[in-house]
Amino acid sequence: GERKGVNKYYPPDFNPEKHGSLNRYHNSHPLRERARKLSQGILIIRFEMPYNIWCDGCKNHIGMGVRYNAEKKKVGNYYTTPIYRFRMKCHLCVNYIEMQTDPANCDYVIVSGAQRKEERWDMEDNEQVLTTEHEKKQKLEMDAMFRLEHGEADRSTLKKALPTLSHIQEAQSAWKDDFALNSMLRKRFREKKKAMQEEEERDEALQAKASLAIPLVPETEDDRRLAALLKFHTLDSYEDKQKLKRTEIISRSWFPPTPGASASSSSSKASSVLKKLAQNRRATPTSSPVTMGHLGIVRRRSREVPESPQHLAETFKSGEPQMPASPRDCSLETAETPKNSRPLRQEKNTSPEAANPQDTPQPCSLSSSLVADYSGSESE
């Protein structure tokens, strides 16, 4: 009430001597709605579930620590300790749950509306300190022999628990000096922070050197041992590499390969033609005369003239077809010959033996034109 009366509005007819407080002036309780059943001895409080339970209405689990607005009332006493009962409504259904305190066992007991989820253990099995029961306490006060036996049992229990108690005392004494502990913790934190900063700087330098954008994992002792066993070096020295490079250059072809299958086929045909010409040149004796048949030159007749069998035989023997000509044919071919055409001349490097009067065509005695025949070669 005093908290709510600070900096509040005081009416003009408010008299502190008569009313005492604003709550008495307004005739209201400081807890407002929570005290609406105070005449029945019921106060609404905020109750927290002491353990896990199962609701009898909806059969749902209600965990420990769930809070409810519970009606609290006094139902009895355990000696001078009052026993309180709490009534609350389940938040999942319309069922009401009632619980009350158990001062004898320092626990809560479910009266109705729920069942406890059994997660309890025996304190004696867990070697916990048990509370002395009322009957046992009366017996210790009245029976001297029982008191003596109980004292002996307590001493034996203390003797067994003495090492554990001494260890706990040493641990507690280590935490006595707060200043020293704080200084030690701060020093350890500074050292750890410095080491982390140095490691972060090393990682950033390595990432910048290797142009990496991935986070680096902290290295371990196994990683260091494995890295020490590895040695990275080239298999060949600089001199060996230079020697291998020179060998490749020497063994490489002088002419670059032409792209395409047609180019390769034409080059192969041209090379075969050149080889064949070279073989023919070697096989041809220098003493034999070079005729127009060897050069692949044949005479094309300007006009068809019947040939005699004797003339055909001579032509076959000499290797070149000779056509009988007349002055009329000569004049006709001279007239049909273009101006830019020139008579075939023998090359200067031809041997004197090759210049045979039989093979040399006369200017006007023949009416045939000279045409080169390359039908024997493989080139297209």
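These figures come from a predicted structure and were not determined experimentally.

Caption draft 1: Region of interest: the overall build of the protein chain. For the protein chain, the count of helices and strands is eleven helices and ten strands. Per-residue burial over the protein chain gives 15% buried out of 380 residues. Of the roughly 32,100 Å² of accessible surface on the protein chain, a fraction of 55% belongs to carbon and sulfur atoms.

Caption draft 2: Representation of the pairing of strand β6 (residues 96–102). Counting buried residues in β6 gives six out of seven residues, a clear majority hidden from the surface. Examined bridge by bridge, strand β5 (residues 81–89) and β6 share five bridges and lie antiparallel to one another. In the strand pairing of β6, Lys89 is matched with Tyr96. Following β5, the chain reverses through six residues before pairing antiparallel with β6. As defined by bridge partners, β6 adjoins strand β7 (residues 107–112) across five bridges and the pair is classed as antiparallel. Bridge assignment links Met99 to a residue of β7, and that residue is Ile110. Linkage of β6 to β7, two consecutive antiparallel strands, is achieved through a turn of four residues, within which Cys106 is found at a positive phi near 55 degrees.

Caption draft 3: Representation of the UniProt feature "coiled-coil region" (unreviewed entry) in the protein chain in the model. Mapped onto the present numbering, the UniProt feature "coiled-coil region" (unreviewed entry) falls at residues 182–209. Helix makes up 100% of residues 182–209 and strand 0%, with an end-to-end C-alpha separation of 41 Å.

Caption draft 4: How the structure looks around the packing of helix α4 (residues 134–142) against helix α5 (residues 144–174). Contact geometry of α4 with α5 gives a least axis separation of 6 Å together with a crossing angle of 110 degrees. Relative to α5, the element α4 is oriented roughly perpendicular. Residues Lys136, Lys139, Leu140, Glu141 and Met142 of α4 lie in contact with α5, whose contacting residues are Ala144, Phe146, Arg147 and His150. Grouping the constituent residues of the contact of α4 with α5 by class yields four nonpolar, one polar and four charged.

Caption draft 5: Fine view of the sheet that holds strand β4 (residues 67–78). Overall, antiparallel pairing links the five strands, which are arranged β1-β4-β5-β6-β7 in an open sheet. Only two strands of the sheet have a single neighbouring strand rather than two, namely β1 (43–48) and β7. Strand-to-strand twist of the sheet, defined as the mean angle between neighbouring strand axes without regard to direction, takes the value 40 degrees.

Caption draft 6: Representation of the environment of Arg32 within the structure. Among the secondary structure elements, Arg32 is positioned in the loop between α3 (22–26) and β1. Within the structure, the side chain of Arg32 is placed 2.9 Å from the backbone oxygen of His29, a separation counted as a polar contact.

Caption draft 7: The arrangement of the sheet that holds strand β3 (residues 61–62) in detail. Here we have three strands laid out as an open sheet, ordered β3-β2-β8, and antiparallel in their pairing. The sheet is open, and its two borders are formed by β3 and β8 (114–116), each paired with just one other strand. Sheet topology places strand β2 (residues 53–55) next to β3; two bridges connect them, and they run antiparallel. Paired with Trp54 across the two strands is His61, which belongs to β3.

Caption draft 8: The confidence of the model for the protein chain, seen in detail. Chain-level statistics for the protein chain give a pLDDT mean of 75 and a share of 67% at 70 or above. Long-range and interchain partners of residues 320–372, a stretch whose pLDDT sits below 50, account for 71 contacts in this model, where long-range means more than four residues apart.

Caption draft 9: Spotlight on the layout of surface pockets. Size it by volume and the second largest pocket reaches roughly 1,600 Å³. Looking at the lining of the second largest pocket, the elements that each hand over two or more residues are β7, α4 and α5. For the lining of the second largest pocket, the element with the most residues is α5, which contributes eight residues. Of the residues contributing to the lining of the second largest pocket, the split by class is 16 nonpolar, nine polar and 15 charged.

Caption draft 10: View of helix α6 (residues 178–210). Under the 1.5 Å per step criterion, the end-to-end length of α6 is 48 Å for 33 residues, consistent within 8% with the ideal 48 Å. Of the residues trailing α6, Ser211 is marked for its positive phi of about 55 degrees.

Caption draft 11: Region of the structure containing the pattern of salt bridges. Within this structure, the stated rule accounts for nine salt bridges. Measuring nitrogen to oxygen at the nearest pair gives 3.6 Å for the salt bridge that ties Lys117 to Glu119. Assessed through its relative accessible area of 29%, Lys117 is described here as partly exposed. Note that Arg224 and Glu219 form a salt bridge whose closest N and O atoms lie 3.4 Å from each other. Taken together, the shared-partner salt bridges connect Glu219, Glu221 and Arg224 into one network.

Caption draft 12: A look at the side chain of Glu98. For Glu98, the position within the fold is in strand β6. Only 3.5 Å separates the side chain of Glu98 from the side chain of Arg87, close enough to count as a polar contact. Beyond its immediate chain neighbours, meaning those up to four positions away, Glu98 contacts Arg85, Phe86, Arg87, Ile110, Val111 and Ser112.

Caption draft 13: Broad picture of the side chain of Gln100. Within the element layout of this structure, Gln100 appears in strand β6. Looking at Gln100, its side chain comes within polar contact range of the side chain of Arg85, at 2.9 Å. In contact with Gln100, not counting residues within four places along its chain, are Val75, Ile83, Tyr84, Arg85, Tyr108, Val109 and Val111.

Caption draft 14: Representation of a nonpolar patch on the surface in the model. The grouping of Leu158, Leu162, Leu165 and Ile168 at the surface amounts to a nonpolar patch, some 350 Å² of accessible area in total. Here Leu158 lies in helix α5.

Cut-off values and rules
- Residues numbered from 1 in each chain as written.
- Predicted model: local features only at pLDDT ≥ 70, side-chain atom pairs only at ≥ 80, totals over all residues.
- Heavy atoms only, no water.
- Helix = DSSP H or I, 4+ residues; strand = E, 2+ residues; numbered from the N terminus.
- Buried < 20%, exposed > 50% of the residue type's maximum accessible area, 1.4 Å probe, protein only.
- Areas by Shrake-Rupley, 256 points an atom, 1.4 Å probe, with all protein chains shown as cover.
- Pairing = 2+ DSSP bridges.
- UniProt positions renumbered as here; feature names shortened; annotations may be inferred.
- Axes fitted to C-alpha atoms, helices over the stretch in contact; angles between N-to-C directions.
- Parallel < 35°, antiparallel > 145°, perpendicular 65-115°, else oblique.
- Contact = heavy atoms within 4.5 Å.
- Nonpolar A, V, L, I, M, F, W, Y, C, P; charged D, E, K, R; others polar.
- Polar contact = N/O pair within 3.5 Å; in protein donor to acceptor, adjacent residues only side chain to side chain.
- pLDDT = per-residue confidence, 0-100.
- 1 Å grid on protein atoms, 1.4 Å probe; cavity = no way out; pocket = protein on both sides within 12 Å on 5 of 7 lines; lining within 4 Å.
- Points joined across faces, edges and corners; volume = space filled by probe spheres on them.
- Expected span 1.5 Å × (residues − 1).
- Salt bridge = Lys/Arg side-chain N within 4 Å of Asp/Glu carboxyl O.
- Patch = residues over 30% accessible without salt bridge, like charges linked within 9 Å, V, L, I, M, F, W, Y side chains within 5 Å.

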